Amino acid sequence: RTMLMDVLFCYAKQNSSLGYRQGIHELLAPIIFVLDSDKRDPADSLFTGPINDEMNVIMDPDCVESDSFILLEALMDSCQYWYVPKVEIKGRDMQEKEQTLFKDVEKAEVMTSPLAKKLERIQNKLLREHDTVLHVQLTNLGIAPQVYGIRWIRLLFGREFPLDGLLVVWDAIFAYSPSLSLVDYICVAMLQFIRNILIGFDYPSCMQQLMHFPSVGDTHYLVERALHLRNPKMYLEPPSWQYHRMDSSPVQPSSPRKAKRFDGFGKVISSGASKV
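The rules behind the values
- Residues numbered from 1 in each chain as written.
- Predicted model: local features only at pLDDT ≥ 70, side-chain atom pairs only at ≥ 80, totals over all residues.
- Heavy atoms only, no water.
- Salt bridge = Lys/Arg side-chain N within 4 Å of Asp/Glu carboxyl O.
- Helix = DSSP H or I, 4+ residues; strand = E, 2+ residues; numbered from the N terminus.
- Buried < 20%, exposed > 50% of the residue type's maximum accessible area, 1.4 Å probe, protein only.
- Axes fitted to C-alpha atoms, helices over the stretch in contact; angles between N-to-C directions.
- Parallel < 35°, antiparallel > 145°, perpendicular 65-115°, else oblique.
- Left-handed = near helix turned anticlockwise from the far one by under 90°.
- Contact = heavy atoms within 4.5 Å.
- Nonpolar A, V, L, I, M, F, W, Y, C, P; charged D, E, K, R; others polar.
- Expected span 1.5 Å × (residues − 1).
- Polar contact = N/O pair within 3.5 Å; in protein donor to acceptor, adjacent residues only side chain to side chain.
- Core = buried A, V, L, I, M, F, W, Y, C linked by side-chain atoms within 4.5 Å.
- Phe/Tyr/Trp six-rings, centres within 6.5 Å; stacked < 30°, edge-to-face > 60°.

(A) Summary view of the pattern of salt bridges. In total, this model carries seven salt bridges according to the counting rule given. Lys118 is paired through a salt bridge with Asp184; the nearest N and O atoms lie 2.5 Å apart. You can see Lys118 sitting in helix H6 (residues 114–130) and its partner Asp184 sitting in helix H10 (residues 182–193), a full 66 residues away along the chain. There is no split in this pair, since Lys118 and Asp184 are both buried. Put simply, Asp131 and Arg195 hold a salt bridge, and the shortest N to O gap is 2.6 Å. Linking Asp131 in the loop between H6 and helix H7 (132–141) with Arg195 in helix H11 (residues 195–200), this pair joins segments that are 64 residues apart in sequence. On the accessibility criterion, Arg195 (18% relative accessible area) is buried. Through salt bridges with shared partners, a single ionic network connects Lys118, Arg121 and Asp184.

As structure tokens, then:
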């Protein structure tokens, strides 16, 4: 905990224009966990090459704090705009603001944050392209993407997956592109995963699932779905892709699947335990 607070303090001082924003600590915590785990027990890490002098420096346990700071800065370079405070909405009064923001997003004359624009693109463009019926349902229910998506994206899905599954998602996001562009399609794949619930239930039930995302079971399966949505010519749709059902356990793939690592283009390069 002390290390986490020290790294956050240094980051806020080094990046005074942004400072510390609520949620950044939840991006840092998995980074510290993985670095600390690898450096304490290099034999348990994914590195399989010889432990030479250079690797001894890289794996030095005394460098966990400084390495965590460097990695946090690199991550925030790509996602700091997610934490930019929203700008006031133009409107005559609060009631008009709420109506324009949540009931007519496309036509609203509002000034929104970069994250709000990103979320509107995810739901009102990408989801509409890949699943028109689901998009219409969310629109009819009055579920704005900001309601669930701000937490999803700002915390990089840290509340939606257990740690082992989260590291799989992070592996894919970081490997696919430094711009973190796969995040948008992870969101779409998550919405489609609970499609049957969102289509068949009312507003409270849908919000319950969106704010307390059900267990996915095989996180690789969802990642492969996101890659397929992003580039269907390069990535095939996962076999037997199905949706989560309210009255059953999460869907499992038809055949056993091993943990995977991804290269810089999102392609699988090896099997084994997942790390950031």
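(B) How the structure looks around the packing of H6 against helix H8 (residues 145–154). Between H6 and H8, whose axes approach to 10 Å, the crossing angle comes to 110°. Classified by the angle their axes make, H6 and H8 are roughly perpendicular. For the pair H6 and H8, the crossing hand works out as right-handed. Where H6 approaches H8, its residues Leu115, Ala116, Lys118, Leu119, Glu120, Ile122 and Gln123 are matched on the opposing element by Pro145, Gln146, Tyr148, Gly149, Ile150, Ile153 and Arg154. Looking at the contact of H6 with H8 residue by residue, the classes come out as eight nonpolar, three polar and three charged.

(C) Expanded view of the environment of Ala12. On the secondary structure map, Ala12 appears in helix H1 (residues 2–14). For Ala12, the contacting residues outside a window of four places in its chain are Gly19 and Tyr20.

(D) Layout of the environment of Phe193. Along the chain, Phe193 turns up in helix H10. You can call Phe193 buried: its relative accessible area is 3%. Each C-alpha atom, one on Phe193 and one on Val216, is 8.2 Å from the other, the two residues being 23 residues apart in sequence.

(E) Representation of H10. Taking 1.5 Å of rise per residue, 12 residues should cover 16 Å, and H10 covers 16 Å from first to last C-alpha, within 8% of that figure. H10 sits mainly inside the fold: 12 of its 12 residues count as buried. Listed as buried for H10 are Leu182, Val183, Asp184, Tyr185, Ile186, Cys187, Val188, Ala189, Met190, Leu191, Gln192 and Phe193.

(F) Seen up close, the side chain of Glu160. Assignment of secondary structure puts Glu160 in the loop between H8 and helix H9 (163–176). Among the polar contacts made by the side chain of Glu160, one reaches the side chain of Arg151 at a distance of 2.6 Å. When neighbours within four sequence positions are excluded, Glu160 is seen to be in contact with Arg151, Trp152, Met190 and Phe213.

(G) Structural view of the nonpolar core. Grouped together as the largest cluster of nonpolar side chains are 65 residues, with contacts concentrated most on Met76, Trp82, Trp152, Phe157, Ile186 and Leu210. Ranked by residues supplied to this core, first place goes to H10 with 10 residues. With near-sequence residues (within four places) excluded, Trp152 lies in contact with Phe157, Glu160, Cys187, Met190, Leu191, Leu210 and Phe213.

(H) Up close: unusual backbone geometry. Phi is positive for Leu156, close to 50°, though the residue is something other than glycine. By the secondary structure assignment, Leu156 is in the loop between H8 and H9.

(I) Focus on the packing of aromatic side chains. Scanning the entire structure with this criterion turns up seven aromatic pairs. A centroid spacing of 6.4 Å and a plane angle of 75° characterise the contact between Phe157 and Phe161, whose relative ring orientation is edge-to-face. Across this residue pair, the class does not change: Phe157 and Phe161 are buried. One aromatic cluster is present, built from ring pairs that chain together Tyr148, Trp152, Phe157, Phe161, Phe193 and Phe213.

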